[in-house]
Protein chains: 4
Amino acid sequence: MLNSKWFLEQTTDHEGSFHSLEEIIYAGNTRYQHIEIVRIGSYGKCLVIDGKIQSSEVDEFIYHEALVHPTMLLADSCNKILIAGGGEGAVAREVLKHPSVSDVTIVDLDEIAVALSKQYLLQWHRGAFQDSRVRIFHEDARKFIERHTSKFDVIIVDLPEPSDGGPAFLLYTKEFYDSVYNCLNEGGAMVTQATSASVNNLKVFAAIVNTVKEAFPYVNPYVVNIPSFFAPWGFVLSSKKRDILSLSRQYIEDTLDRLTGELRFYDYETHQGMFSLPKYLRNALKQEDFVIKDSSPISFYPSLNRK
Amino acid sequence: MLNSKWFLEQTTDHEGSFHSLEEIIYAGNTRYQHIEIVRIGSYGKCLVIDGKIQSSEVDEFIYHEALVHPTMLLADSCNKILIAGGGEGAVAREVLKHPSVSDVTIVDLDEIAVALSKQYLLQWHRGAFQDSRVRIFHEDARKFIERHTSKFDVIIVDLPEPSDGGPAFLLYTKEFYDSVYNCLNEGGAMVTQATSASVNNLKVFAAIVNTVKEAFPYVNPYVVNIPSFFAPWGFVLSSKKRDILSLSRQYIEDTLDRLTGELRFYDYETHQGMFSLPKYLRNALKQEDFVIKDSSPISFYPSLNRK
Amino acid sequence: MLNSKWFLEQTTDHEGSFHSLEEIIYAGNTRYQHIEIVRIGSYGKCLVIDGKIQSSEVDEFIYHEALVHPTMLLADSCNKILIAGGGEGAVAREVLKHPSVSDVTIVDLDEIAVALSKQYLLQWHRGAFQDSRVRIFHEDARKFIERHTSKFDVIIVDLPEPSDGGPAFLLYTKEFYDSVYNCLNEGGAMVTQATSASVNNLKVFAAIVNTVKEAFPYVNPYVVNIPSFFAPWGFVLSSKKRDILSLSRQYIEDTLDRLTGELRFYDYETHQGMFSLPKYLRNALKQEDFVIKDSSPISFYPSLNRK
Amino acid sequence: MLNSKWFLEQTTDHEGSFHSLEEIIYAGNTRYQHIEIVRIGSYGKCLVIDGKIQSSEVDEFIYHEALVHPTMLLADSCNKILIAGGGEGAVAREVLKHPSVSDVTIVDLDEIAVALSKQYLLQWHRGAFQDSRVRIFHEDARKFIERHTSKFDVIIVDLPEPSDGGPAFLLYTKEFYDSVYNCLNEGGAMVTQATSASVNNLKVFAAIVNTVKEAFPYVNPYVVNIPSFFAPWGFVLSSKKRDILSLSRQYIEDTLDRLTGELRFYDYETHQGMFSLPKYLRNALKQEDFVIKDSSPISFYPSLNRK
């Protein structure tokens, strides 16, 4: 440890990671969260919220391509897209690669976080905020969805992990997913990031999968390794109408061919890998029966968020 | 960080992980390496060599099943098996689940490490050392292979990462793989662990893949997430005779059905996931042209192994 | 940081120390506190309570000699001694070097902590618990003092820092010192450890000094560097009858000559150093006007003791 | 450890300190050393050289007053002063408070370090570099002294700890002190910082004391607690003509009264404390017989400076 300056991320009471810290670009509190933008030796520029790396310059393309494209392929049509969270603009950036998109609504609570992203995270949004199809609202995504009357083709949930006292605590509950269902068109699809899928820390992921199943007929959990998250990471994809495994290779490759802008992570082979879960994980998902409700929410950081 | 006692593993000059440290079961130097057996909060009992977690109670099944079974499926026959390294006995444990195995030769340099494993790592070997089919030699695996005249069906290379000054520095070179090739029967197969496949640290993995291709006609890199390694982890599978992708689902499932002893990680769907690499990784592998040679070896810990 | 196993002590929200961790001798919770006995590279065996090093093999002689002997010199007579806390037995060990001592009463709340000390901390007590002059009670020291009717010559307060929720929170208040005063003979003296005297962390020390002055006519703060505490450390000495500075060199040296057992830290020159405070510290003490009361207690770890 | 950004200073293979890191003001290499200027939670702005905190905004006054004033009091006259090292300008700042000073020569090898100090460390120099009495040379202090023909009244050695490969490795040897002796007027005095005086790390301090005694007839070691150094810190004062203990209180107080600029740390009582060493330390100094020579130098960081 000849280096002196370190960034530490404690992910559970028992483990975490450390990174050489090269630059503190920004650090400050908004009304909702503590935001840091730092440059670390292994991952370059990073957005950090409440001490957790949200995405890094080096591997944000993995996270954002993995989050966005499967659900865009799964939905019947991709005109009107809702992004819950996603204030760095990278989800919108990926969404806008689909030529059919006419309307992107970003609902991110934290106006300051979005302003900081605009200023410091150019690689993330790359002009997405300037695209005339994009509108942004600063309010609670759940309230927005509950009161929204017209419907979306795709809803992408890109929020921090559920955490007692955190802004996304009740955005992983059955009630929330019911609202999402109601806010989707008939051929609509939803995806949410769904916390760690690590063998010793997969309880919350399993509970989210199980909860989404209460609200949607077709649910596909998938796993992608995001190096800066230091864990295999879970996602949950759901649809009103079909299973992702019903999509043919031909359809997937043709659709991706028509995108404006290249993908670095996602293609058919990658897709196959993401949706092929290891046996122990499939077994854990099968056994899970906990349903997350407003009255019994779940926290990914049970003890760390004591403040 | 209310806890006071921590285990730190620095994996590069720029990053590492930390774990609550619950018990120091053993710590000492052998002639070849510094060995620690510790209990950490997130992964239970761990074997640590030269400061790197080699495997943990919680997820060693992932690593060992991933390492062993694909190559056992790929080889024409599985009678005589050579394990280079593997002194904890877990590779042998998995090998012995294949009923055709008649002969397992473990060549692990470090007799003390093996003795410590026998005493402290029961979950790893679970009786494998007592199996009458197993013989163990304490010498350099490369020298053993170079001078061995009869041939093996399968060679499994389970060694530490190549590191300047470390015992496995020259066991990832073209010359070594040539010797392995010569020591295999016509339908034989080899597998080696092959370091990190993380997007920002995949140079050594890519070089190993490229080097094995110099020695073998059929080479399949694959990637598995091992949580205690804090990275997607690379493996390289090779065969004299066929590609792993030529194996049918039927054949794989039938063979696994005949195993004595259950698998928790590996099955056909897992297999599919392991061999479906993400696009950026396939591109990186395609572009790699470095061949590791005795005269130009490669180190996974370029600066950390300064002593 | 080639070493992997570390002991971390966070002393404030902003700083702390780390030590190579060689052995975890004991770790467990009692009813009152979390106790660890560890061996660290720089200080040998250490007693750790609630994550704070209480004393180390290498420098406990400094702390214990500094705590005990000035007050023993200051009191008119040294027959009956009360130790509040001090369950490792090292305070008693030092007290018993004074030949006039006939009676040592240790009041330490935590019976398990004392039992652990007896078993593991031989260097600390060195037979003190077996001395026929020593009696030990396991109860709250404040309650003991409040209800005790006969008087002591010397009271030595060797307790953890005051901390919200900790067992010694109300043993640094004016009300407590009033009880101590009432429990002392006319020529009696008291000493208490009094937390850090570091230039950037001396508020609690200053408040204790100021509070003791509310209860006693003669008060002498002093400072000793205890390396394992990573700070200059404050103590407060008080007497009903005289100032420590009135003691002559002759008297001090003669008294120390008569001790049974050698001192390694304390002699006249050391004494002079301890009671010669740096200018900025004297100024800070002069300006302090906060009186710690049961109704307005003070915590040395304002945010760290959140549990 | 809710904070994410930390500054770590490892002081030996076995221990170190950590601090919340608030701002990285500067980080870069000069030809001679790695320089960082950071803001940490506990000590404010700090100058860090090769990973070691050199001085902090909060307590630099302690270090610099302790280094400068005793030697200024001890010398027969204080006209021509040489500072070896001291590129932050704080030694010069203190020296200039003595009204008799006519000439201050700073010899600091590292021009970039001095330029950085001028720009970032205003609190340290406070105009000292602009004072017409001050001249600065960028060369090796030892070579400067060896070749200098006229003499100084006071030489103040403010260099990093001796370290194999570091710039000050041979500025703590008998040969160096002989040169210093020869470069001083008859009533001249020298002081040097002399590394840790901690009970478990005082070998280098003791060796420096012993070595200075080979060159000077009057030598007074002294110890001051510098909180940001996390240890009691040793200094060695020496004179051609008299012992510091021969100075009367009256003389000391009168001299300090005539200073231009107030002192916060140093006065007569502080002085008494600094020169009253604890018994164990006096004993360790008595027993030391190692003489540091060019042919047998000593390193304060024996293993950490491996690069």
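Residues numbered from 1 in each chain as written. Chains lettered and ligands numbered in written order. Predicted model: local features only at pLDDT ≥ 70, side-chain atom pairs only at ≥ 80, totals over all residues. Heavy atoms only, no water.

Under the annotation held in an unreviewed UniProt entry, chain A carries the name Polyamine aminopropyltransferase and is attributed to Dissulfurispira thermophila. UniProt, in the comment section headed Subunit (unreviewed entry), describes chain A in these words: "Homodimer or homotetramer." (UniProt positions renumbered as here; feature names shortened; annotations may be inferred.)

**Regarding the overall build of chain A**
Each helix and strand in chain A was counted, giving 10 helices and 12 strands. By the compact-globule yardstick of 19 Å for 307 residues, chain A fits well, its C-alpha radius of gyration being 18 Å. Along the first, second and third principal axes, the C-alpha atoms of chain A reach 55 × 45 × 40 Å. The buried share of chain A, reckoned over its 307 residues, is 66%. In chain A, the proportion of contacts linking residues at least 24 apart, taken out of those at least 6 apart, comes to 67%. For chain A, the exposed surface amounts to about 10,700 Å²; the carbon and sulfur share of it is 47%. If you average the places of the 31 positive and of the 40 negative side-chain charges in chain A, the two averages end up 2 Å apart. (Helix = DSSP H or I, 4+ residues; strand = E, 2+ residues; numbered from the N terminus. Rg over C-alpha atoms; globule rule 2.2 N^0.38 Å. Buried < 20%, exposed > 50% of the residue type's maximum accessible area, 1.4 Å probe, protein only. Contact = heavy atoms within 4.5 Å. Areas by Shrake-Rupley, 256 points an atom, 1.4 Å probe, with all protein chains shown as cover. Lys, Arg positive; Asp, Glu negative; His and termini not counted. Charge placed at Lys NZ, Arg CZ, Asp CG, Glu CD.)

**Observations regarding the packing of helix 7 (residues 203-215) of chain A against helix 10 (residues 279-287) of chain A**
All names here are of chain A. Packing of helix 7 against helix 10 brings their axes to within 9 Å, and their N-to-C directions diverge by 55°. Considering the angle they form, helix 7 stands oblique to helix 10. Between helix 7 and helix 10 lies a crossing of right-handed hand. Where helix 7 abuts helix 10, its residues Phe205, Ala206 and Val209 lie against Leu281, Ala284 and Leu285. (Axes fitted to C-alpha atoms, helices over the stretch in contact; angles between N-to-C directions. Parallel < 35°, antiparallel > 145°, perpendicular 65-115°, else oblique. Left-handed = near helix turned anticlockwise from the far one by under 90°.)

**Observations regarding helix 6 (residues 174-182) of chain B**
Residue and element names in this part refer to chain B. Taken together, the buried positions of helix 6 are Phe176, Tyr177, Ser179 and Val180. Buried positions in helix 6, seen along its axis, are confined to an arc of 155° and lie on one side of it. The inward-facing, buried residues of helix 6 contact helix 5 (141-147), strand 9 (152-158), strand 10 (184-196) and helix 7 (203-215). (Arc of directions from axis to C-beta.)

**Some points on the UniProt feature "active site" (unreviewed entry) in chain A**
Residue and element names in this part refer to chain A. With numbering aligned to this structure, UniProt lists the feature "active site" (unreviewed entry) at Asp158. With respect to the helices and strands, the residue Asp158 is situated in strand 9 (residues 152-158). When neighbours within four sequence positions are excluded, Asp158 is seen to be in contact with Tyr63, His64, Leu67, Ala84, Gly85, Gly86, Glu88 and Val91.

**Focus: the nonpolar core**
A general feature of soluble globular proteins is that nonpolar side chains tend to end up buried together. The biggest cluster of nonpolar side chains holds 182 residues, and the ones touching the most others in it are Val95 of chain A together with Val95 of chain B. For Val95 of chain A, the residues in contact, after removing those within four places along its chain, are Val68, Met72, Ile81, Ile83, Val101, Val104 and Ile156 of chain A. The next biggest cluster of nonpolar side chains, apart from the first, holds 181 residues, and it includes Val212 of chain C together with Ala84, Val209 and Val224 of chain D. (Core = buried A, V, L, I, M, F, W, Y, C linked by side-chain atoms within 4.5 Å.)

**Considerations on the UniProt feature "binding site: spermidine" (unreviewed entry) in chain A**
Residue and element names in this part refer to chain A. As annotated by UniProt and renumbered to match this structure, "binding site: spermidine" (unreviewed entry) occupies His64 and Glu88. On the basis of their most widely separated C-alpha atoms, the annotated residues across 25 residues gather in one place, lying no more than 10.7 Å apart. Along the chain, His64 turns up in helix 1 (residues 60-74). Beyond its immediate chain neighbours, meaning those up to four positions away, His64 contacts Ser55, Glu88, Ala90, Val91, Arg93, Glu94, Trp124 and Asp158.

**Notes on the sheet that holds strand 8 (residues 134-137) of chain D**
Residues and elements named next belong to chain D. Read across the sheet, seven strands follow the order 8-7-6-9-10-12-11 without closing on themselves; strand pairing throughout is mixed. Looking at strand neighbours, the two that pair on one side only are strand 8 and strand 11 (218-226), the edges of this open sheet. Adjacent strand axes in the sheet meet at a mean angle of 15° when their direction is disregarded. Two elements, strand 11 and strand 12 (residues 231-239), share nine bridges in a ladder whose sense is antiparallel. Counted as the bridge partner of Val223 is Gly234 from strand 12. Where helix 6 (residues 174-182) meets the sheet, it contacts strand 9 (152-158) and strand 10 (184-196), and its direction lies at approximately 150° from that of strand 10. Packed on one face of the sheet, helix 7 (residues 203-215) meets strand 10, strand 11 and strand 12 and runs near 165° to strand 10. (Pairing = 2+ DSSP bridges.)

**Quick look at the relation of the copies chain A and chain B**
Here chain A sits on chain B after a turn of 180° about the axis and a move of 0.0 Å along it, with an RMSD of 0.0 Å. Each copy turns onto its partner about a two-fold axis. A share of 100% of interface residues in chain A that are also interface residues in chain B marks the association as one of identical surfaces. (Least-squares fit on C-alpha atoms with pLDDT ≥ 70 in both.)

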